[in-house]
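Results of the structural survey
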Amino acid sequence: GAHRCVVITALPFHLPHRLARALQPDLLVYLCHTHWAADPRAPQSELCEPIVLQEADLVLPDSDLLYQRCRSHPGVRRLPAMVALDRFREVPPSPERGRGPGGRLRCTYYGGISWRLDLPLLAEVSRRFQLRLVGPVRTDLTGLAPQTEIVGTVRHEALQRHLDDTDVLLLPYAHHEFMRGIMPAKLFEYLATGLPIVATDALPTLHQYAHVLRIASTHESFMRAIQESPHEGSSLRAARLSLAREHSVAAWMDRLVDWIEEGFRQQAGPVDRSA
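Overview of the sheet that holds strand S9 (residues 214-216)
Pairing is parallel in the open sheet, where 6 strands are placed in the order S6-S5-S4-S7-S8-S9. Two strands close off the open sheet at either side, each with one partner strand: strand S6 (149-152) and S9. Averaged over all pairs of adjacent strands, the angle between their axes in this sheet comes to 25 degrees, without regard to strand direction. Both strand S8 (residues 197-200) and S9 contribute to a ladder of 3 bridges, which runs parallel. Bridge pairing links Thr200 to Ala216 in S9. Contacting strand S4 (106-110), strand S5 (130-134), strand S7 (168-171) and S8, helix H4 (residues 119-128) runs over the sheet at an angle of about 130 degrees to S5.

Here is the structure:
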């Protein structure tokens, strides 16, 4: 059978959209994973998301806010974050937990370290607990305690070794309109470790996962949630691991293939999978 062209775009701006259309795709997929209209660094004059939404055959939002904005599209399908289970594994309970430097709990965050994080909150965490930050640093961190571990950028497949001696994983996002559209890509990677997770309430999408993580609305409640995390029941660990398995890359890629095939069927009959 004839090959069919699928173009997946995540940039709803004029130039990349013109390029996507120039490829003459049989199916245009819009990966809607960013609240571009609220991104202070995005070139707003080049934004053309309404046009992309109108011309896309399949629209894949991840967060609650983005799904609500796209839900009237006939080809909308919710595609949340996922985890490569071959790269992340459970961190078993250990009597060594809470025995970081000075006997303090070790808290870890990985990802971009920038204005998107609540930096005053991280400064408080660094003074009361042992804080480890893994990822590219794009902001001033002079307010953090001297003993803070700033690891820098590591390869994605090497992240697990920075988690194996961790007590609590953090999602310390700042309150900003842009963040309301975020679904953290690392969420199910965190869940795959089974470790306690403490988050700020800056990301509305996280509230649907409140049964497997702690969401704090103030700095003090965030600190308290960290302190209490090692005492949680084993059922929470089991629930996190189960949810991570449900959101494996393999499971969601199978669904994506199904959605693409459905899109082809709606246009011109079933796709030839041997192509």
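Details of unusual backbone geometry
A positive phi angle, near 50 degrees, is found at Gln24, a position not held by glycine. With respect to the element layout, Gln24 can be found in the loop between helix H1 (14-22) and strand S2 (27-32).

Comments concerning the sheet that holds S2
Ordered by their spatial adjacency, 3 strands build an open sheet running S1-S2-S3, and the pairing between neighbours is parallel. For this open sheet the edge positions go to strand S1 (6-9) and strand S3 (58-61), each flanked by a neighbour on one side alone. Looking at each pair of strands side by side, their axes are set apart by 15 degrees on average, direction ignored. Pairing analysis gives 4 bridges linking S2 to S3, with the strands arranged parallel. The residue of S3 that forms the bridge with Tyr30 is Val59.

Thoughts on the pattern of salt bridges
Pairing is possible between side chains that carry opposite charge, provided their charged atoms lie close to one another. The tally for this structure, following the rule as stated, stands at 16 salt bridges. Asp64 is the salt-bridge partner of Arg78, the closest N and O atoms lying 2.7 Å from each other. Of this pair, Arg78 sits in the loop between helix H3 (64-70) and S4 while Asp64 is found in helix H3, placing the two residues 14 residues apart along the sequence. If you follow the salt bridges from partner to partner, you end up with Arg106, Arg132, Glu149 and Asp165 in one network.

Scoring rules and cut-offs
- Residues numbered from 1 in each chain as written.
- Predicted model: local features only at pLDDT ≥ 70, side-chain atom pairs only at ≥ 80, totals over all residues.
- Heavy atoms only, no water.
- Pairing = 2+ DSSP bridges.
- Helix = DSSP H or I, 4+ residues; strand = E, 2+ residues; numbered from the N terminus.
- Axes fitted to C-alpha atoms, helices over the stretch in contact; angles between N-to-C directions.
- Contact = heavy atoms within 4.5 Å.
- Salt bridge = Lys/Arg side-chain N within 4 Å of Asp/Glu carboxyl O.

Everything listed is a geometric property; what it means functionally is a separate question.
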